[in-house]
Amino acid sequence: MTELLRAAMREHAADVDHEPTDVATIVAAGRRRVRGRRIAAGVAAAAATGIVAAGVAVLAPSGGDTPVATGGIDFSTLEPSWAVGEVIHYGRDTIEADEPVRSYVLSARGAVYADATGTVRLTTGAGDRTVGRVDPDAAILRADRGGDMAAWVDVSADAPALAVLDTSTGRLVRRVPVSMPAAGPSDNEFEEVLVFAVDGDAVLWLDDDGVSLLDVATGEATVLDPGGDRWSIAGARAGVVLHDGLVLTADRPEGEGGDRLFVSKVSELASGDYALVVRPTTIETYASYGALDPTGERVTLEDEDAYTVFSTSTGAQVAGALDLPGFSVGYDWLADDRTVVMSLPEVGEDSDASRIDIVVCTVPESVCTTYAEGVVGFNGDDSSGFALPIGEFLD
Amino acid sequence: MARRDPTAFEAFVQGRSPALRRTAYLLVGERGLAEDLLQEALVKTYVAWPRLRDTGAAEAYTRKAVVTTAISWWRRKGWSERPTAEFVEPAPSGATEADAAVTRAWLREALDSLAPRQRAAVVLRFYDDLSVAEVAAVLGCSEGTVKSQVHDAMNRLRTTLGPDARATWDREVAVG
C-alpha cells in the first residue's frame, strides 16, 4: 500500500549528493561540547544552523547603566548580568574590572572572573583581588549563585589543584590535589580535569579518578563515578543535580546517550551507591547546560538553542516562549519566578543588525520583556568581549 | 577512564553518513539544511560516543538526534504546516507508469507539507523501514501515537490529491 510513497521518497532522497562528511569539523565541535557547555559554543552552533553569521563583535555598551558606588554591590539581590570587555553589568550597576572579562561566575558575594591570561580575580564592585589562575584555553569557573563558594582547577602551582574560594572573605578555603590523566597518544576529551558545579558546600568535579564530590566544610572527597566518561553534570543547586548518563538501575546497566538528563539529589549521589537513585526524573533534552532556579525545582535549558524551562520534579516542560527569536538561551534566574535569557533577535552578517538582547521571562507564563537591548553584536571576524555568568567564555 | 576510539567514530561517520544524510534531507527538504542537521546530529553522537555500545546503537542514536533536532528546528523557525497549493493530476489518464511518476513527484511535494512529526513518522516508517516500535522510540512517544501520526499523514496525502491522482494512489493501495 505504501510502495508509491516509498518510491517517491527514494527518488527524492537520491537527489542528495554523496559528499564526504568532514569528520574533523565534527570532532572539533564535539570536543568543544564535551568539555564545555553548549551555550558557550552557542554562536558557532547558531552559525551552523544558519541563524547567525559567526563571531562576536563588541559594540558600544547600552546606555543607562551607572558605575557602582564605592562599597560594592549586593550580589544576593538577583539581577540580570552580562559583561562586555572589562565592564560587568549587574542589574543597572556596572563594575569596572581590572582586565577584560573572558569568563565569569556569580556568587551571592561577588563575581569571580578570568582574564585572557587565565588570571582569576574576585570583584565585589569595590576593587579586584587576584585569587588564582586557570587554563586560559578553557577558563572554566563555577560558583554557588546563592552562596559563598566558588571553585576552579587552579594551575598557579606546578601541580594543578581544585581550588575553592570563599567569596565572602576572599580566601581560598580548600586546595585539593587532582589526579591528572596520564600523558599519552590518546584521544579522550574526558582526560582532563574540570569543575562541574558548586552547590553550598558541595563541589562536583572530574579528574582522572572519575567524578567526585568535595565537602568543603570537612574537606572530605568522595568518588561518585570512577568511570567518569559516563557522566557529566549540567548543573547543581539547592541539593538538586542535573546530570546525564549515570549508571542507574539494574535494568539499565549501561549509561544512556546524551539525549536526556537525569535529576538526582546530591545526598543520593554522595553515597556512591547509584542503586539508591532508582527512579530519577528524566528530562528529554540534548542540553549540556542547565541553570537551576534557587529552589532547584526548575531548570532553564538551552534545548536546541531555544529557551525552555523544565520541572525537575516531573521532567515536564513548564515554560518556553516560542515567540522569542531562534537563538534564545536561558542562563540565570531572578527572584519571583523570572529567568534571564540571552536572545538574538536579528540575524545577519551586519553586526549593527545582529545584536544580542538580554531578556527577562516569567515562569510559567512565559511573558518576556527586553531588559537590555543590543548589548553586543555579531559580525564575522571577532569573538571576544562578551561574557555571560556561566563560567565559560563564548565562542 | 574509558578511551574514545577516533578511528571507530570516523569509520561510523563515513559509513553511515550517506544514509543518514538522505533521511535528513527527506525531513527538511533542503540540501544545506540537511547537511547542517546531519552535522549537528553527528556532533551529538560524538559527545555520546563512549556511552554507545556498538555501531547499531550509534546509528539509532544519530537517527534519533537527526529527527528530534529537525523537529526542534522546525519549531524554532516557526515552521508551520504548509498547504499544498493545488491539486496535482497525473496525465494522461490511463497511462499508469506516467501516472505513477507524476504522482511520485507530487508526493515528494506533499511530503514537505506534512506537519513535522507526521513527516518524521512517515520517513522513519516507510523510508528507513523502521518498525512502529522503533519509530516510537525515535520520536519518544507511544506506538499508538505513531500509528495515529502515520494514519493521519497518509490520509492527508490522499485527500489533497485530485480525483485522478487519487485513483492512482488508490490503485497502488489496492495493489499494495
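Residues numbered from 1 in each chain as written. Chains lettered and ligands numbered in written order. Predicted model: local features only at pLDDT ≥ 70, side-chain atom pairs only at ≥ 80, totals over all residues. Heavy atoms only, no water.

**Section: the sheet that holds strand β28 (residues 368-377) of chain A**
Two orientations exist for strands paired in a sheet by backbone hydrogen bonds: parallel and antiparallel. All names here are of chain A. Put simply, the rule reads: Strand pairing is assigned whenever DSSP identifies at least 2 bridges connecting the two strands. Helix numbers and strand numbers start at the N terminus; a helix is a DSSP run of H or I with at least 4 residues, a strand a run of E with at least 2. In this analysis an axis means a line fitted to C-alpha atoms, helices contributing only their contacting stretch, and an angle means the value between N-to-C directions, from 0 to 180 degrees.
With antiparallel pairing, the 4 strands of this open sheet are ordered in space as β25-β26-β27-β28. Bordering the open sheet on either side are β25 (327-334) and β28, each of which pairs with just one other strand. This sheet shows a mean twist of 25° between the axes of neighbouring strands, independent of strand direction.

**Section: the packing of helix α6 (residues 132-139) of chain B against helix α7 (residues 143-159) of chain B**
Residues and elements named next belong to chain B. Our working definition: Our angle categories are set so that under 35 degrees counts as roughly parallel, over 145 as roughly antiparallel, 65 to 115 as roughly perpendicular, and the remainder as oblique. Any two residues having at least one pair of non-hydrogen atoms within 4.5 Å are treated as being in contact. When residues are grouped by polarity, Ala, Val, Leu, Ile, Met, Phe, Trp, Tyr, Cys and Pro land in nonpolar, Asp, Glu, Lys and Arg in charged, and all others, Gly among them, in polar.
Running from amino to carboxyl end, α6 crosses α7 at an angle of 100°, the nearest separation of the two axes being 8 Å. Looking at the two axes, α6 sits roughly perpendicular to α7. Contact residues: α6 offers Val 132, Ala 133, Val 135 and Ala 136, while α7 offers Glu 143, Val 146 and Lys 147. Class assignment for the residues of the contact of α6 with α7 results in 5 nonpolar, no polar and 2 charged.

**Some words on the packing of aromatic side chains**
Residue and element names in this part refer to chain A. Note the cut-off: Only Phe, Tyr and Trp rings are paired, with Trp represented by its six-membered ring, and only when their centres lie within 6.5 Å; those with planes under 30 degrees apart are stacked, over 60 edge-to-face, the remainder tilted. Burial here depends on accessible area, computed with a 1.4 Å probe over protein chains only, as a share of the maximum for the residue type. Under 20% is buried, over 50% is exposed, and the range in between is partly exposed.
One pass over the structure, following the stated rule, counts 5 aromatic pairs over all chains. On the numbers, 4.7 Å between centres and 55° between planes, the contact of Phe 75 with Tyr 90 is tilted. Taken together, the residues span a long stretch of sequence, with Phe 75 in the loop between β1 (66-67) and β2 (81-84) and Tyr 90 in strand β3 (residues 87-90) at a distance of 15 residues. For the pair Phe 75 and Tyr 90, one class covers both residues: buried.

**Some details on the nonpolar core**
We count it as follows: Nonpolar core, defined: a set of buried Ala, Val, Leu, Ile, Met, Phe, Trp, Tyr and Cys residues in which side-chain atoms within 4.5 Å join the residues together. Just so you know, the domain bounds were taken from an automatic or database domain assignment.
If you look at the biggest cluster of nonpolar residues, it comprises 62 residues, and the most contacted ones within it are A:Met9 and B:Leu27. Each of two domains, domain 1 (6-75) and domain 2 (97-175) of chain B, supplies a minimum of three residues to this core. For A:Met9, the residues in contact, after removing those within four places along its chain, are B:Leu26, B:Leu111, B:Val122, B:Val123, B:Phe126 and B:Tyr127. Counting residues in hydrophobic clusters, the runner-up holds 46 residues, among them A:Ala97, A:Leu106, A:Ala372 and A:Phe386.

**Examining the side chain of B:Arg63**
All names here are of chain B. So the rule is basically this: Contacts described as polar in this section are N or O atom pairs within 3.5 Å, which, within protein, must combine one atom able to donate a hydrogen with one able to accept it, while residues neighboring in sequence count only if both atoms come from side chains.
Take Arg 63: it is sitting in helix α3 (residues 55-76). A distance of 3.4 Å separates a polar atom in the side chain of Arg 63 from a polar atom in the side chain of Asp 128. Setting aside anything within four residues of it in sequence, one finds Arg 63 in contact with Leu 20, Leu 124, Asp 128, Leu 130 and Val 138.

**Section: the pairing of β2(A)**
Side chains on a regular strand alternate between the two faces of the sheet. All names here are of chain A. Burial of β2 is two-sided: the residues Ser 81 and Ala 83 facing one way and the residues Trp 82 and Val 84 facing the other way are all buried. Note: β2 against β3, 4 bridges, orientation antiparallel. When the bridges of β3 are listed, Trp 82 appears paired with His 89.

**A short note on the pattern of salt bridges**
Side chains that differ in sign of charge can pair as their charged atoms come close. Put simply, the test is: Salt bridge, as used here, is a side-chain nitrogen of Lys or Arg placed within 4 Å of a carboxyl oxygen of Asp or Glu.
For the structure shown, the criterion picks out 14 salt bridges over all chains. Between A:Arg145 and A:Asp332 there is a salt bridge, with its nearest N and O atoms 3.9 Å apart. Of this pair, A:Arg145 sits in the loop between β9 (142-143) and β10 (149-154) while A:Asp332 is found in strand β25, placing the two residues 187 residues apart along the sequence. Its relative accessible area of 7% is what places A:Asp332 among the buried residues. The partner of A:Arg298 in a salt bridge is A:Asp293, and the shortest N-O contact between them spans 2.9 Å. Among the residues examined, A:Arg298 registers a relative accessible area of 18% and is labelled buried. Here the salt bridges share partners, and the residues they tie into one network are B:Arg16, B:Glu59, B:Arg63 and B:Asp128.

**Points about the sheet that holds strand β8 (residues 128-133) of chain A**
Residues and elements named next belong to chain A. Pairing is antiparallel across the open sheet formed by 4 strands, whose spatial order is β5-β6-β7-β8. Edge positions in the open sheet fall to β5 (103-106) and β8, since each of these has one partner strand only. For this sheet, the mean angle separating the axes of adjacent strands, direction not counted, is 25°.

**Side note on the state of the cysteines**
All names here are of chain A. So the rule is basically this: By disulfide we mean two sulfur atoms from cysteines, separated by a distance within 2.5 Å.
According to the stated counting rule, one finds 1 disulfide over all chains in the structure shown. Between the sulfur atoms of Cys 361 and its disulfide mate Cys 368 the distance is 2.1 Å. Classification of the bridge connecting Cys 361 and Cys 368 rests on its S-S torsion, roughly 110°, and on that basis the disulfide is right-handed. A relative accessible area of 0% places Cys 361 in the buried class.

**A look at the domain arrangement of chain B**
Residue and element names in this part refer to chain B. Operational definition: Once two parts are joined, some of their accessible surface, as seen by a 1.4 Å probe, is lost; buried area is that loss totalled over both.
Structurally, chain B comprises domain 1 (6-75) and domain 2 (97-175). Contact with domain 1, which involves 13 residues of that partner, is made by 14 residues of domain 2. The largest share of the area that domain 1 buries against domain 2 comes from Leu 26, Arg 63 and Ile 71, three residues that together contribute 41% of it. A salt bridge links Asp 128 to Arg 63, with the nearest nitrogen and oxygen atoms 3.4 Å apart. Counting every contact that joins domain 1 to domain 2 gives 5 residue pairs in polar contact (both at pLDDT 80 or more). For the side of domain 1 that touches domain 2, the secondary-structure elements that each account for two or more residues are α1 (6-28) and α3. Looking at the side of domain 1 that touches domain 2, its residues break down into 7 nonpolar, 3 polar and 3 charged.

**A few points about helix α1 (residues 3-13) of chain A**
Burial within α1(A) is extensive, with 8 of its 11 residues counted as buried. When we look at burial in α1(A), the residues that qualify are A:Leu4, A:Leu5, A:Arg6, A:Ala7, A:Ala8, A:Met9, A:His12 and A:Ala13.

**What about the confidence of the model for chain A?**
Interpretation of the predicted coordinates at a detailed level should be avoided for regions scoring low in pLDDT. Here is the rule we go by: Confidence scores labelled pLDDT are given residue by residue by the predictor and lie between 0 and 100.
Scored by pLDDT, chain A has a mean of 79; 73% of the residues are at 70 or more. This model gives residues 246-257 of chain A a pLDDT under 50, and the stretch forms 28 contacts once residues within four places in sequence are excluded.

**With respect to the environment of B:Arg21**
By secondary structure assignment, the location of B:Arg21 is in helix α1. The sequence separation of B:Arg21 and B:Leu37 amounts to 16 residues, and the corresponding C-alpha distance is 8.4 Å. Setting aside anything within four residues of it in sequence, one finds B:Arg21 in contact with A:Val16, A:Asp17, A:Glu19, A:Pro20, A:Thr21, B:Ala34, B:Glu35 and B:Leu38.

**A short note on unusual backbone geometry**
Residue and element names in this part refer to chain A. A cis amide bond links Val 363 with the next residue in sequence, Pro 364, at an omega value of 10°. If you trace the backbone, Pro 364 turns up in the loop between β27 (355-362) and β28. One non-glycine residue, Ala 238, lies in positive phi territory at about 55°. Looking at the secondary structure, you find Ala 238 in the loop between β17 (233-237) and β18 (240-243). Classification of Ala 238 as partly exposed rests on a relative accessible area of 43%. The residue Asp 336 is not glycine, and still its phi comes out positive at about 60°.

**Thoughts on the pairing of β27(A)**
Residue and element names in this part refer to chain A. Within β27, 6 of the 8 residues are buried, which leaves the element mostly enclosed by the surrounding structure. Bridging between strand β26 (residues 338-344) and β27 involves 6 bridges; their strand directions are antiparallel. By the bridge assignment, Val 341 is partnered in β27 with Val 359. Of the pairings in the sheet, the one linking β27 to β28 comprises 6 bridges and is antiparallel in character. Residue pairing in the sheet places Cys 361 in a bridge with Cys 368 of β28. Connecting β27 to the antiparallel partner β28 that follows it, the hairpin turn spans 5 residues, and Ser 366 within it adopts a positive phi of roughly 60°.

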